[in-house]
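Per-entry structural report
Listed here are the chains, written in short residue letters.
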Amino acid sequence: MTRLSSASSLPATVQAPAYNRATRGSGIVHLGTGAFHKAHQAVYTDDALAEGGDWMITGVSLRSGDVADQLNPQDGLYTLIVRGQEGTSARVIGSIARVLVAPREPEAVLAALTAPHTKIVSLTITEKGYGVDPKTGGLDRAHPSIAPDLANPRKPTGAVGFLVEALRLRRELGISPFTALCCDNLPHNGKVLKRLVGEFASAVDADLGVWIDANVMFPSTMVDRITPASTETTFADARRLTGCDDRAAVETEPFTPWVIEDDFVAGRPAWEVGG
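Residues numbered from 1 in each chain as written. Predicted model: local features only at pLDDT ≥ 70, side-chain atom pairs only at ≥ 80, totals over all residues. Heavy atoms only, no water.

**A few points about the overall build of the protein**
Counted only if it meets this: Segments assigned H or I by DSSP are reported as helices when at least four residues long, segments assigned E as strands when at least two residues long, and all are numbered from the N terminus. The quantity called the radius of gyration is restricted to C-alpha atoms. Its globule counterpart is 2.2 Å times the number of residues to the power 0.38. Summary of the burial criterion: residues with accessible area below 20% of their type's maximum are buried, those above 50% are exposed, and those between are partly exposed, where the area comes from a 1.4 Å probe applied to protein chains only. Note on contacts: a residue pair qualifies if any of its non-hydrogen atoms lie within 4.5 Å across the two residues. In this tally, Lys and Arg are treated as positive and Asp and Glu as negative; His is ignored, and so are the chain termini. Positions of charges follow a simple convention, taking NZ of Lys, CZ of Arg, CG of Asp or CD of Glu.
Looking only at helices and strands, one finds nine helices and 10 strands in the protein. The globule rule puts the C-alpha radius of gyration for 275 residues at 19 Å, and the 18 Å found for the protein is close to it. Counting only C-alpha atoms, the protein reaches 55 × 40 × 35 Å along its principal axes. Going through the 275 residues of the protein one by one, you find that 52% of them count as buried. Looking at the protein alone, contacts between residues at least 24 apart form 79% of all its contacts between residues at least 6 apart. Charged side chains of the protein number 26 positive and 32 negative; the gap between the two group centres comes to 3 Å.

**Digging into the packing of helix H6 (residues 159-173) against helix H8 (residues 206-215)**
Condition: Lines fitted to C-alpha atoms define the axes here, with helix axes fitted over just the stretch in contact, and angles between the N-to-C directions of these axes take values from 0 to 180 degrees. Orientation is classified from the angle alone, with under 35 degrees giving roughly parallel, over 145 giving roughly antiparallel, 65 to 115 giving roughly perpendicular, and any other angle giving oblique. Residue polarity is assigned by list, with Asp, Glu, Lys and Arg as charged and Ala, Val, Leu, Ile, Met, Phe, Trp, Tyr, Cys and Pro as nonpolar; anything else, Gly included, falls into the polar class.
For the pair H6 and H8, interaxial distance at closest approach is 11 Å and the crossing angle is 90°. Relative to H8, the element H6 lies roughly perpendicular. Across the interface between the two elements, Val164, Leu167, Arg168 and Arg171 from H6 touch Asp207, Leu208, Trp211 and Ile212 from H8. Partitioned by chemical class, the residues of the contact of H6 with H8 number five nonpolar, no polar and three charged.

**Considering the side chain of Arg168**
One can find Arg168 in helix H6. With sequence-adjacent residues up to four places away left out, Arg168 is seen in contact with Arg154 and Leu208.

**Digging into H6**
The α-helix winds at 3.6 residues per turn, so residues separated by three or four positions along the chain end up facing the same way. This is how it is decided: Helix span, as expected, comes to 1.5 Å for every residue beyond the first.
Compared with the 21 Å implied by 1.5 Å per residue over 15 residues, the 21 Å span of H6 between its first and last C-alpha is a close match. Of all 15 residues in H6, 12 are buried, a share of seventy percent or more. Taken together, the buried positions of H6 are occupied by Ala159, Val160, Gly161, Phe162, Leu163, Val164, Glu165, Ala166, Leu167, Arg168, Leu169 and Arg170. On the buried face of H6, the contacting elements are strand E1 (26-31), helix H4 (106-114), strand E6 (120-123), helix H5 (147-151), helix H7 (189-204) and H8. Gly174 sits one or two positions beyond H6 and adopts a positive phi of about 75°.

**Thoughts on the sheet that holds strand E4 (residues 87-93)**
As a reminder, the rule being used: Pairs of strands are assigned from DSSP output, requiring at least two bridges between the strands.
Reading across the sheet, the three strands line up as E4-E3-E9 and stay open at both edges, with mixed pairing between neighbours. The open sheet has two edge strands with one neighbour each: E4 and strand E9 (250-252). With direction set aside, neighbouring strand axes in the sheet form an average angle of 25°. In this structure, strand E3 (residues 78-84) lies alongside E9, joined through three bridges in parallel fashion. Pairing of Ile81 across the sheet is with Glu251, part of E9.

**Brief notes about the packing of H4 against H6**
For clarity, the cut-off: In this scheme the crossing of two helices becomes right-handed for a clockwise turn of the near helix relative to the far one and left-handed for an anticlockwise turn of less than a right angle.
The interhelical angle for the contact between H4 and H6, taken along N-to-C directions, is 60°, at an axis separation of 9 Å. In terms of orientation, H4 and H6 fall into the oblique class. Note that H4 runs across H6; the crossing there is right-handed. Here Pro106, Val109, Leu110, Leu113 and Thr114 of H4 come into contact with H6, specifically with Phe162, Glu165, Ala166, Leu169 and Arg170. For the contact of H4 with H6, a count of residues per class yields seven nonpolar, one polar and two charged.

**Observations concerning the packing of aromatic side chains**
Let me state the cut-off plainly: When the centres of two rings from Phe, Tyr and Trp lie within 6.5 Å, Trp using its six-membered ring, the rings pair. Their planes under 30 degrees apart give stacked, over 60 give edge-to-face, and anything left gives tilted. Each ring is checked for a lysine NZ or an arginine CZ that lies within 6 Å of its centre and within 35 degrees of its normal; such an atom marks a charge sitting over the ring.
Applying the stated rule across the entire model yields three aromatic pairs. Ring centres 5.2 Å apart and planes at 65° place the aromatic pair Tyr44 and Trp258 in the edge-to-face group. Remark: Trp258 occurs in strand E10 (residues 258-260) and Tyr44 occurs in helix H2 (residues 41-49); sequence separation between them is 214 residues. Relative accessible area serves as the criterion here: at 5%, Tyr44 is assigned to the buried category. The exposure class assigned to Trp258 is buried, which follows from its relative accessible area of 12%. Where Trp258 meets Trp271, the ring centres are 4.8 Å apart and the plane angle is 50°; that geometry is what we call tilted. Remark: Trp271 occurs in the segment after E10 and Trp258 occurs in strand E10; sequence separation between them is 13 residues. As far as the burial class goes, Trp258 and Trp271 line up, both buried. Put simply, the rings of Tyr44, Trp258, Phe264 and Trp271 pair up and form one aromatic cluster. If you follow Lys38 out to its NZ or CZ, it ends over the ring of Tyr78, 5.1 Å from the centre.

**Remarks on the nonpolar core**
Threshold: As used here, the term nonpolar core means buried Ala, Val, Leu, Ile, Met, Phe, Trp, Tyr and Cys residues forming a set that is joined through side-chain atoms within 4.5 Å.
Ranked by size, the top nonpolar core spans 39 residues in total, and within it Leu31, Leu193, Val197 and Ile212 carry the most contacts. Looking at this core, the elements that each hand over two or more residues are E1, H4, E6, H6, strand E7 (179-182), H7 and H8. The residues touching Leu193, leaving out its near neighbours within four places in the chain, are Leu123, Tyr130, Leu163, Ala180, Cys182 and Phe218. Ranked by size, the runner-up nonpolar core spans 30 residues in total, among them Met56, Val67, Cys183 and Trp271.

Printed below as a string of C-alpha cells:
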C-alpha cells in the first residue's frame with residue numbers, strides 16, 4: 001500500500017483539501033505540532049484555506065523529531081479519523097506545509113518566525129512549556145525552558161525564548177510584528193503569554209519589552225477536543241478508509257469548540273467557517 005502524499009488518489013468518501021496547496025503561502029508558524037493541534041487548529045485552518053489566503057502552517061517541534069519524520073515524507077498531509085455515534089469517518093488535512101525540528105534546525109525555525117509573510121505564531125506546548133512561576137503567575141527564571149534562554153537569548157531553545165528572539169530580529173530588520181496566539185488551556189492564556197514574553201524581553205532589553213507591549217497582540221482563546229494517542233487501530237482505519245498508509249493519522253471526537261479574542265495585528269484566517 002502506498003504512503004499518503006500529494007500524489008495520492010483518495011476515495012470520494014474521504015474529504016480532501018478544497019484548495020490548491022501549492023499556491024498558498026505559509027502565514028502561520030505553530031510551536032508544538034502534536035496530536036491536539038492536528039485535530040483542532042490545523043483542521044479549522046484547513047477549512048479557512050478553502051476561503052482563500054496564504055495561511056498554510058509551518059509546524060515546529062521543540063523537542064522530538066517524530067512528528068516531522070511522520071509528516072514531511074507525506075508532504076504535510078495526514079488523516080483525521082473522527083469517531084462518533086454515527087460511525088467513523090476520515091478526512092485528509094492539508095494545512096500543514098512542513099514541520100521543522102528546533103533541536104535539529106534552530107536557524108530554520110528563527111527564519112520561519114522572522115519571515116515577513118509570518119503573521120501569526122500559535123502555540124500548543126502544554127502548560128509546563130511556558131515557564132510560569134506558580135507563585136507569581138509571571139516568568140519562572142529558573143525553569144528549564146527559560147533559564148538557558150535567558151543566559152543565551154540569541155540561541156533560544158524554548159517557546160518564550162524563540163518568540164522574544166524572533167520579535168527582536170523583526171524589530172531590528174524593520175519587519176512588522178506577528179500575533180502570538182496561545183491555544184493551551186491556561187486561564188486568560190493571552191494575558192499570561194503577554195506577561196511571560198514581556199518579562200523575558202525586558203530582562204534581555206528593556207526597550208524591546210516596551211516595543212513588544214506596544215506592538216504585539218496576544219489574543220486569549222478557549223479550546224477543547226478530546227484527542228487520544230494514535231494506536232494501531234487508528235492507522236488501520238486510516239488505511240481502510242483512505243486506501244493509503246498514514247503513520248501520521250490522528251483520531252478525535254466530533255465535538256470541537258474554539259473561542260478566540262479577535263485581536264490580530266496583521267489579519268487572520270477565516271476560522272469561523274470551520275464552525
